[in-house]
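Remarks on the overall topology
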Amino acid sequence: MQGRASSARTADPRTGLELRVVSKDTYADWHAVYQDNVGWMYGLMFAKVGNRADAEDLTGEVFLAALRPLRVSASIPEVRAYLRATARSVLAQYWRNRLGCEITSIDDDVPQVEAADPDVTDAPERARAMLEQLPERYRRILELRFLQGYSVRETAAELGISVVNARVLQHRALRMAAQVERKPR
């Protein structure tokens, strides 16, 4: 299914328009599109957002957004290119909602992502250093939400505040964390 057949291009003598011969290198159905691409898409999203729950949600959003306009008859490289473009839009919206800024750079050639060795990353140290620079209230809400995996409702109950206040506090904490992260060290 993933063989790379080349597609031939030729000009139609009657219209002068370029025609492309569709190769047999296409997906059989939507299930095949999903199965072949969900792994690298999830890996990409996880690399961009850094947490499992959001990566899963964003991966689902990409496939839902691509479902209607994407043709199953498109070649495998065309499907992957479309999914990358859709991922770029979904990520832009995610970061716009989270931090008020867009982070949408995605490499054109995304390799199959394998499970990273947790001992190799410096993310825990960077997260700790960033959290130490935040006020106690902001640090606590981010720890509860993202390090301990609490829901917004559980976080609000733990902090003794309303759910709306917890969301506002989380938003402010994320914005401040982004500013701290951007500062040169």
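Look a little higher up for the structure.
Residues numbered from 1 in each chain as written. Predicted model: local features only at pLDDT ≥ 70, side-chain atom pairs only at ≥ 80, totals over all residues. Heavy atoms only, no water.

A look at the nonpolar core
Grouped together as the largest cluster of nonpolar side chains are 24 residues, with contacts concentrated most on Met-41, Met-45 and Leu-83. Among the elements of the structure, helix H1 (30-49), helix H2 (52-67) and helix H3 (76-99) are those that each provide at least two residues to this core. It is H3 that contributes the most residues to this core, eight residues altogether. Residues in contact with Met-45, not counting those within four places in the same chain, are Gly-50, Ala-55, Leu-58, Thr-59, Val-62, Ala-87 and Leu-91. Within the second largest apolar cluster, 15 residues are counted, among which are Leu-134, Ile-141, Ala-156 and Ala-166. (Core = buried A, V, L, I, M, F, W, Y, C linked by side-chain atoms within 4.5 Å. Buried < 20%, exposed > 50% of the residue type's maximum accessible area, 1.4 Å probe, protein only. Helix = DSSP H or I, 4+ residues; strand = E, 2+ residues; numbered from the N terminus. Contact = heavy atoms within 4.5 Å.)

Remarks on the packing of H1 against H2
With their axes 8 Å apart at the nearest point, H1 and H2 run at an angle of 140° to one another. Here H1 is positioned oblique relative to H2, judged by the angle of their axes. With respect to the hand of their crossing, H1 and H2 are arranged in right-handed fashion. On H2, the residues touching Trp-30, Val-33, Tyr-34, Asn-37, Val-38, Met-41, Tyr-42, Met-45, Phe-46 and Val-49 of H1 are Arg-52, Asp-54, Ala-55, Glu-56, Leu-58, Thr-59, Val-62, Phe-63, Ala-66 and Leu-67. Counted by class, the contact of H1 with H2 contains 15 nonpolar, two polar and three charged residues. (Axes fitted to C-alpha atoms, helices over the stretch in contact; angles between N-to-C directions. Parallel < 35°, antiparallel > 145°, perpendicular 65-115°, else oblique. Left-handed = near helix turned anticlockwise from the far one by under 90°. Nonpolar A, V, L, I, M, F, W, Y, C, P; charged D, E, K, R; others polar.)

Some thoughts on the packing of helix H5 (residues 136-147) against helix H6 (residues 152-159)
Across the interface, H5 lies against H6 with an axial gap of 9 Å and an inter-helix angle of 140°. Comparing the axis directions of H5 and H6 gives the class oblique. The element H5 and its partner H6 pack so that their crossing is right-handed. Each of Arg-140, Ile-141, Leu-144 and Arg-145 in H5 lies in contact with H6, whose residues at this interface are Val-152, Thr-155, Glu-158 and Leu-159.

So, the side chain of Arg-145
On the secondary structure map, Arg-145 appears in helix H5. The charged side chain of Arg-145 is buried without a salt bridge, its nearest counter-charge being Asp-54 at 6.4 Å. For Arg-145, the side chain forms a polar contact with the side chain of Gln-170, separated by 2.6 Å. Look past the residues within four positions of Arg-145 in its chain and what remains in contact with it is Tyr-150, Ser-151, Val-152, Thr-155 and Gln-170. (Lys, Arg positive; Asp, Glu negative; His and termini not counted. Salt bridge = Lys/Arg side-chain N within 4 Å of Asp/Glu carboxyl O. Polar contact = N/O pair within 3.5 Å; in protein donor to acceptor, adjacent residues only side chain to side chain.)

Comments concerning H6
Every buried residue of H6 is listed here: Val-152, Thr-155 and Ala-156. Down the axis of H6, the buried side of the element spans an arc of 100°, and every buried residue falls inside it. Facing away from the buried side of H6, by more than 90 degrees, are the exposed residues Arg-153 and Ala-157. One or two steps after H6, the chain reaches Gly-160, where phi turns positive at roughly 70°. (Arc of directions from axis to C-beta.)

Functional significance is not addressed by these values, which are geometric in nature.
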